[in-house]
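Spelled out, the chains give:
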Amino acid sequence: MNEGHSAFLTLERIRNAWTDPAMRAALFQIWLNRDYTEYGKVIGRDMSLDKWTPSARMRLYIRKDITSKLWNYGAAPVAEAVPADPFDKLHIALNAEQIIGAAGSLPGQFQRPRDMAVAPDGSLYVADSRNHRIQHFAPDGSFIQAWGNFADVAAGEAPGGTFYEPWDVAVASDGSVFVSDTWNHRIQKFTADGRFLQMWGYFGQGETPDAFWGPRGLAIDARGRLYVADTGNKRIVIFEPDGTYVAQFGSAGLEAGQFDEPTGIAIAPDGLIYVADTWNQRVQVFSPDAEGKAFTPLRQWDIRGWYGQSLDNKPYLKVSPASGNVLVADPESNRILEFTPDGAFVRGWEAYQSQGDTVGLAAGLAVDAEGGVWVSDAANHRILHFTLP
C-alpha cells in the first residue's frame, strides 16, 4: 500500500494505518526495534541506512565557543580585545578632606543619601532617602536641622512634609527648597528652614503634566522655573515656582531628544540643560528658546559606564560654577567624570574616603561656589567633600 507519504498526520492516515495489517506491523517494528525496513516496503520507499530520509534535512549550527568546550575540532574562538576604557586616561585619585555621617537615623547620620544641593548661602541640603527626610548642613559641615518622616500615599494619608524616599533636592535663589518625593510621585516645596508650602503630583504615566512616575532629578533655571526629571515617563517637565505647568520635552526612545531613564539634570549659567540619559548611556544637552517653552537637542556624548539597570545605578550631574565643566557621577564604578560643556573628557577621579578606602556608591553630587565637590556615598551612608586640583 502506498499512501503518497503525506507530510501531515491526518485522520485518513491514522485510519489507514490502523486498518491496514501491514502498516500496523511496520509501525510496531519502528516502535519496538526502531526498524524502518517493513515501513519502507509498505510505502514503497528504500529505507536502508544510506538512503534513510523519513523527514526533511536540517542543519545544526553551534557557536565555536560552545564546540570548543565539547570537541577538539579546532573551533576555539579567537579572543577579542577588550576595548580600553577611554576614561581610564587622565584618571586621578582624591582623598576627601571632610566626611560627614554614618549609618543611622540620628541628626547627621544617613540611610542611603542621594543627591544634594548647595544653597545661595553656601549651606548644603541632602536627600536622606531611606530616612525619608531632608537634612540641612552649614557650609562648614555642621548640622543645622532635618525634617520629614515616612508616609506612603498609596497606603493612605501622606501629608505635606512626609516622604517616601526623596531622591533629589533643589534650592531657588530666594531660598525655597524643592524635593522630589520619588515614590510618592510628587514634588514638595518648603521654606529654607523646612516649613511646608505646597505640593503637586500623583502616580501616572504622563497623561497630565503632574502625572509622575518616580521623579528624581531637579534643577532650577535663571527664571526660577523648576525642571523635573520624570524618570519613569521618560521626559522632563517644567513648572513655575508655584507649580504652574510651563512645558515638557522628551519621550521614550534612543533618538536625539528622547530618553530612557533620565535621572540627573543640571542647568548651566548660559541656560543649556544637561540630562543624564541613563539607560541610553549618554549625556544630552538641550537649548531652550527665548520663552523657555521649546527645547532643541544640541549635542550629546556617550558615557562608557552606567551599565547596570539596578535601582541604585541612577547618575546625577552638576555644572561647576567655577570651571563651567560638567561633573557626572558613575555610581557603580565609584567615580566622578569631568567634561567640558562640549563633551570633551577632562579627567576622571575615584573618590576615596581615606587612603585605599574607596567610596562605595557615588550616588549624588553638589558643587560649591569655589568648585569644591560634595559626593554622597549611598553604600556607606555618608557624604564627602573634595577639593579638585
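To be clear, the structure that these remarks concern was listed above.
Student: Looking at this model, I keep getting lost on the pairing of strand 16 (residues 226-230). Mind explaining?
Tutor: Here is the key point about a regular strand: its side chains alternate between the two faces of the sheet. The element strand 16 is extensively covered by neighbouring structure, given that five of its five residues are classed as buried. Here strand 16 shows no split at all, with Leu-226, Val-228 and Asp-230 on one side and Tyr-227 and Ala-229 on the other all buried. When strand 15 (residues 218-220) meets strand 16, the two strands line up antiparallel, connected through three bridges. Looking at strand 16, one finds that Ala-219 is bridged to Tyr-227. Counting the residues between successive antiparallel strands, the hairpin from strand 15 to strand 16 contains five residues, one of them, Gly-224, with a positive phi of roughly 90°. Bridge count between strand 16 and strand 17 (residues 235-239): five bridges; the pairing is antiparallel.

Student: Would you explain the sheet that holds strand 28 (residues 362-367) in this entry?
Tutor: Whenever strands of a sheet pair, they do so through backbone hydrogen bonds, lying parallel or antiparallel. With antiparallel pairing, four strands are arranged side by side in an open sheet as 2-30-29-28. The outermost strands of the open sheet, each flanked by one partner alone, are strand 2 (98-100) and strand 28. In this sheet, adjacent strand axes meet at a mean angle of 20° when their direction is disregarded.

Student: So what exactly am I meant to see when it comes to helix 2 (residues 21-33) here?
Tutor: Counting along an α-helix, one turn takes 3.6 residues, and residues three or four places apart therefore face a common direction. Compared with an ideal rise of 1.5 Å per residue, which puts 13 residues at 18 Å, helix 2 spans 18 Å between its outermost C-alpha atoms and is within 8% of the ideal. Those residues of helix 2 that fall on the buried side of the exposure criterion are Met-23, Ala-26 and Ile-30. For helix 2, the arc enclosing every buried residue in end-on projection is 65°, short of the 170-degree limit, so these residues lie on one face. The outward face of helix 2, more than 90 degrees from its buried face, is lined by the exposed residues Pro-21 and Trp-31. Buried-residue contacts for helix 2 involve helix 1 (11-19) and helix 3 (37-43). Two or three places before Ala-22, at the opening of helix 2, Asp-20 has a side-chain oxygen 3.0 Å from that residue's backbone nitrogen. Backbone geometry just downstream of helix 2 places Arg-34 in the positive-phi region, at approximately 55°.

Student: Would you explain a nonpolar patch on the surface in this entry?
Tutor: The grouping of Phe-28, Trp-31 and Leu-32 at the surface amounts to a nonpolar patch, some 390 Å² of accessible area in total. Looking at the secondary structure, you find Trp-31 in helix 2. Judged by relative accessible area, which is 66%, Trp-31 ranks as exposed.

Student: Looking at this structure, how should I read unusual backbone geometry?
Tutor: Glycine aside, residues mostly have negative phi, and peptide bonds are mostly found in the trans state. A positive phi angle is found at His-185, which is not glycine, with a value near 55°. Relative to the helices and strands, His-185 is located in the loop between strand 10 (177-181) and strand 11 (186-190). The class for His-185 is buried, based on a relative accessible area of 10%. The backbone of Trp-306 sits at a positive phi, close to 55°, despite the residue not being glycine.

Student: When you look at the nonpolar core in this model, what are you seeing that I'm missing?
Tutor: Across soluble globular proteins, nonpolar side chains show a tendency to be buried alongside one another. Counting residues in each nonpolar core, the largest one holds 18 residues, and the members touching the most others are Tyr-274, Val-283, Trp-301, Ile-303, Leu-317, Val-328 and Phe-339. Contributions of two or more residues to this core are made by strand 20 (273-277), strand 21 (282-288), strand 23 (317-319), strand 24 (326-330) and strand 25 (335-339). In this structure, Ile-303 is in contact with Phe-87, Gln-281, Arg-282, Val-283, Leu-337 and Phe-339, ignoring residues within four places of it in sequence.

Student: For this particular structure, what's the right way to read the packing of aromatic side chains?
Tutor: The relative placement of two aromatic rings is captured by the distance of their centres and the angle of their planes. As enumerated under the stated definition, the model contains 22 aromatic pairs in all. Ring pairs connect the aromatic residues Phe-87, Tyr-274, Trp-301, Phe-339 and Phe-345, which therefore count as one cluster. Lying over the aromatic face of Trp-167, Arg-216 brings its terminal NZ or CZ to 4.5 Å of the ring centre.

Student: Can you help me understand the sheet that holds strand 12 (residues 196-200) in this one?
Tutor: An order of 9-10-11-12 is seen for the four strands of this open sheet, with the pairing classed as antiparallel. Both edges of this open sheet fall to strand 9 (166-171) and strand 12, since each of them pairs with a single strand only. Taken over all neighbouring pairs, the strand axes of this sheet differ in orientation by 20° on average, direction set aside. In the sheet, strand 10 pairs with strand 11 via five bridges, with the strands oriented antiparallel. Considered in strand 11, the bridge of Phe-178 is made with Lys-189.

Student: Mind showing me how you'd approach the side chain of His-136 here?
Tutor: With respect to the secondary-structure elements, His-136 resides in strand 5 (residues 133-137). Given the relative accessible area of 6%, His-136 is considered buried. Engagement of the side chain of His-136 in a polar contact is seen with the side chain of Ser-123, the distance being 2.8 Å. The residues touching His-136, leaving out its near neighbours within four places in the chain, are Ser-123, Leu-124, Tyr-125, Ser-142, Phe-143, Ile-144, Gln-145 and Ala-192.

Parameters at a glance
One numbering rule holds for all chains: residues counted from 1, following each sequence as written. For a predicted model such as this one, the threshold for reporting local features is a pLDDT of at least 70, and the threshold for listing and counting side-chain atom pairs is 80 or more; totals across whole chains, interfaces and linings nevertheless cover every residue. The side-chain quantities take in all heavy atoms of the structure and omit both hydrogens and water. Think of it in three bands: residues with accessible area under 20% of the maximum for their type are buried, residues over 50% are exposed, and the middle band is partly exposed, with areas taken using a 1.4 Å probe on protein chains only. Only DSSP runs of H or I reaching four residues or more are called helices, and only runs of E reaching two or more are called strands; each is numbered from the N terminus. Strand pairing requires that DSSP identify at least two bridges connecting the strands. Inter-axis angles, ranging from 0 to 180 degrees, are taken between N-to-C directions of lines fitted to C-alpha atoms, where helices are fitted over the stretch in contact. In this analysis, the expected span of each helix is defined as 1.5 Å times one less than the number of residues it contains. Think of it as the arc spanned by the lines of direction from the helix axis to the C-beta atoms. Contacts are assigned to residue pairs with any non-hydrogen atoms lying within 4.5 Å of each other. Two N or O atoms count as a polar contact when they lie within 3.5 Å, although within protein this holds only if one can serve as hydrogen donor and the other as acceptor, and sequence-adjacent residues are included solely when both atoms are side-chain atoms. Like-charged residues within 9 Å of one another, or nonpolar side chains (Val, Leu, Ile, Met, Phe, Trp, Tyr) within 5 Å, are grouped into patches, provided each residue has over 30% relative accessible area and no salt bridge. Each accessible area is a Shrake-Rupley estimate made with a 1.4 Å probe; only the visible protein chains count as cover when residues are assessed. One side-chain nitrogen of Lys or Arg within 4 Å of one carboxyl oxygen of Asp or Glu is enough to make a salt bridge. Among buried residues, those of type Ala, Val, Leu, Ile, Met, Phe, Trp, Tyr and Cys that are joined through side-chain atoms within 4.5 Å constitute a nonpolar core. Whether two aromatic rings pair depends on their centres lying within 6.5 Å, for rings of Phe, Tyr and Trp, where Trp uses its six-membered ring; planes under 30 degrees apart make the pair stacked, over 60 edge-to-face, and the rest tilted. Counting as a charge over the ring demands two things of the Lys NZ or Arg CZ atom: a distance within 6 Å of the ring centre and an angle within 35 degrees of the ring normal.

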